[in-house]
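Given next are the chains, with one letter for each unit.
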Amino acid sequence: MSVFRFSVLFLFLVSCNSVYTPKRRGYFKIDFPQHQYQTFDQPGFPYTFDYPVYATIVKDSSFFDTVPENPYWINVDFPRFNARIYISYKAIGPNKFEKLRDDAFKMTFKHTYKASSIDQTVIQTPNGIGGIYFNVGGNAATANQFFLTDTTKHFLRGALYFDTTPNEDSLGIVNQFLEKDMQHLINTFRWK
């Protein structure tokens, strides 16, 4: 019996002296498709733009399958990445430009409590359309937002969201990939 006890004690002492090596946290490798685009040009819509071939356009139904506030609200869905660009449009006529612009800033800066930074870039597209692009750093719900306007008739706002808990580290590479698509959408955007 004493040999058995000695063996168990010896194994216990030896097993406790092993060197532990912590492993770095990692994320799954993501194979991205090539950036290729198609045109969104639906009859009756006041705008047109190019969007990725690996995305789909869906009419907005964010009001629990009721009619949305505006018939020109759409979503650009990226099923492969569980992401969506929410696009909302408003005619400036009954709405004042300053109010729409201020609302876009307010919606972006609501993320301040989670954001580590909010950078603004003035947009001037090759098609002569202006606006602001917001890059939100940190674990905010959206890292990329923008608005486009002619300041007299049209106002369009877009925001990229993922259907997952925000994590800047794991979503960073996908955000960078989709940011190129958002930039292409913006640069090809035209009012009708």
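Above this text you will find the structure in question.
Parameters at a glance
Residues numbered from 1 in each chain as written. Predicted model: local features only at pLDDT ≥ 70, side-chain atom pairs only at ≥ 80, totals over all residues. Heavy atoms only, no water. 1 Å grid on protein atoms, 1.4 Å probe; cavity = no way out; pocket = protein on both sides within 12 Å on 5 of 7 lines; lining within 4 Å. Points joined across faces, edges and corners; volume = space filled by probe spheres on them. Helix = DSSP H or I, 4+ residues; strand = E, 2+ residues; numbered from the N terminus. Nonpolar A, V, L, I, M, F, W, Y, C, P; charged D, E, K, R; others polar. Pairing = 2+ DSSP bridges. Salt bridge = Lys/Arg side-chain N within 4 Å of Asp/Glu carboxyl O. Buried < 20%, exposed > 50% of the residue type's maximum accessible area, 1.4 Å probe, protein only. Phe/Tyr/Trp six-rings, centres within 6.5 Å; stacked < 30°, edge-to-face > 60°. Core = buried A, V, L, I, M, F, W, Y, C linked by side-chain atoms within 4.5 Å. Contact = heavy atoms within 4.5 Å.

1. Re the layout of surface pockets
Working step 1: Here the largest pocket defines a volume of roughly 480 Å³.
Working step 2: As for the largest pocket, its lining consists of 23 residues, and the residues nearest its centre are Trp73, Ser88, Lys90, Met107 and Arg157.
Working step 3: Among the secondary structure elements, those contributing two or more residues to the lining of the largest pocket are β4 (74-78), β5 (83-91), α2 (97-109) and β9 (154-162).
Working step 4: The residue makeup of the lining of the largest pocket, split by class, is 12 nonpolar, 5 polar and 6 charged.
Working step 5: Space inside the second largest pocket adds up to approximately 250 Å³.
Working step 6: Taken together, 19 residues line the second largest pocket, and the ones lying closest to its centre are Val136, Ala143, Glu168, Gly172 and Asn175.
Working step 7: Counting residues per element, the ones that place at least two in the lining of the second largest pocket are β7 (130-138) and α3 (168-188).
Working step 8: Sort the elements by how many residues they give to the lining of the second largest pocket and α3 lands first, with 6 residues.
Working step 9: Tallied by class, the residues present in the lining of the second largest pocket amount to 7 nonpolar, 10 polar and 2 charged.

2. Here's the deal with the sheet that holds strand β2 (residues 47-52)
Working step 1: Pairing is antiparallel in the open sheet, where 3 strands are placed in the order β1-β2-β10. For this open sheet the edge positions go to β1 (37-40) and β10 (190-191), each flanked by a neighbour on one side alone.
Working step 2: In terms of strand pairing, β2 meets β10 through 2 bridges, oriented antiparallel. Its bridge partner being in β10, Tyr47 is matched across the sheet by Trp191.

3. As for the pattern of salt bridges
Working step 1: This model, assessed by the stated rule, comprises 4 salt bridges.
Working step 2: Between Arg84 and Asp77 there is a salt bridge; the shortest N-O distance is 2.5 Å.
Working step 3: Overall, the relative accessible area of 12% leaves Asp77 in the buried class.
Working step 4: Note that Arg101 is salt-bridged to Asp102, the shortest N-O span being 3.3 Å.

4. Topic: the packing of aromatic side chains
Working step 1: Evaluated as defined, the whole model comprises 25 aromatic pairs.
Working step 2: On the numbers, 6.1 Å between centres and 65° between planes, the contact of Phe105 with Phe147 is edge-to-face. Taken together, the residues Phe105 in helix α2 and Phe147 in strand β8 (residues 144-149) connect sequence positions 42 residues apart.
Working step 3: The exposure class assigned to Phe105 is partly exposed, which follows from its relative accessible area of 22%.

5. Section: the nonpolar core
Working step 1: By size, the foremost hydrophobic cluster in this structure holds 33 residues, and its most contacted members are Tyr47 and Phe49.
Working step 2: Of all the secondary-structure elements, those providing two or more residues to this core are β2, β4, β5, β8, β9 and α3.
Working step 3: The biggest single contributor to this core is α3, with 7 residues.
Working step 4: Sequence-distant contacts of Tyr47, defined by excluding residues within four places in its chain, comprise Phe40, Tyr72, Ile74, Ile87, Tyr89, Leu156, Phe189, Arg190, Trp191 and Lys192.

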